[in-house]
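Read off the chains here:
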Amino acid sequence: MSEAAVIAALQDPALPRGLVFFLATAGNVLGAVVNFVLGRFFLRFEGRRWFPVSEKGRARAEAIFQRYGQPVLLLSWVPVIGDPLTLAAGLLRMPWLPFLVYVTIGKAARYAVLVWVFG
């Protein structure tokens, strides 16, 4: 969904490409941080309608995370698996700084490609 908004914003010549890239990346990373915090501190709310990841999705993400380690967060931008991966990182008590680095690189790469192709 955010891809469509970024592509639309890139069509406006008044918007600097760098600003579109920065805001899209920052907003997406912030969403990942929310999932990380939910995994770290609020897993007791799993199963509630507003909780961003299903129990099945969480279990699958934990298995992937355990198998491939922290670099798997470079794929946090991928639909369907990205949110569960960032939640699993919090649940598995991943250190904050590596989480932020991997997630930022992955999400920035996605928007860099969009800016390059559609900008």
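Above this text sits the structure in question.
Calculation notes
Residues numbered from 1 in each chain as written. Predicted model: local features only at pLDDT ≥ 70, side-chain atom pairs only at ≥ 80, totals over all residues. Heavy atoms only, no water. Helix = DSSP H or I, 4+ residues; strand = E, 2+ residues; numbered from the N terminus. Polar contact = N/O pair within 3.5 Å; in protein donor to acceptor, adjacent residues only side chain to side chain. Patch = residues over 30% accessible without salt bridge, like charges linked within 9 Å, V, L, I, M, F, W, Y side chains within 5 Å. Areas by Shrake-Rupley, 256 points an atom, 1.4 Å probe, with all protein chains shown as cover. Salt bridge = Lys/Arg side-chain N within 4 Å of Asp/Glu carboxyl O. Buried < 20%, exposed > 50% of the residue type's maximum accessible area, 1.4 Å probe, protein only. Axes fitted to C-alpha atoms, helices over the stretch in contact; angles between N-to-C directions. Parallel < 35°, antiparallel > 145°, perpendicular 65-115°, else oblique. Left-handed = near helix turned anticlockwise from the far one by under 90°. Contact = heavy atoms within 4.5 Å. Nonpolar A, V, L, I, M, F, W, Y, C, P; charged D, E, K, R; others polar.

Visitor: Sorry, what's going on with the side chain of Thr25 here?
Guide: Here Thr25 lies in helix H2 (residues 17-41). At 2.9 Å, the side chain of Thr25 forms a polar contact with the backbone oxygen of Phe21.

Visitor: How do you make sense of a nonpolar patch on the surface when you look at a structure like this?
Guide: There is a patch of nonpolar side chains on the surface, built from Leu74, Trp96, Leu97, Val101 and Ile105 and spanning about 460 Å² of accessible area. Mapped onto the fold, Leu74 is located in the loop between helix H3 (55-68) and helix H4 (82-91). Since its relative accessible area comes to 33%, Leu74 is described here as partly exposed.

Visitor: Looking at this structure, I do not really get the packing of H2 against H4. What am I missing?
Guide: Axis angle and axis distance: for two packed helices, these are the angle between their axes and the distance between the axes, and together they describe the pair. Where H2 contacts H4, the axes come no closer than 6 Å and their chain directions differ by 45°. On the basis of the axis angle, H2 is oblique to H4. Between H2 and H4 lies a crossing of right-handed hand. Across the interface between the two elements, Ala32, Asn35, Phe36, Leu38, Gly39 and Arg40 of H2 pack against Asp83, Thr86, Leu87, Ala89, Gly90 and Leu91 of H4. Here the contact of H2 with H4 is composed, by residue class, of six nonpolar, four polar and two charged.

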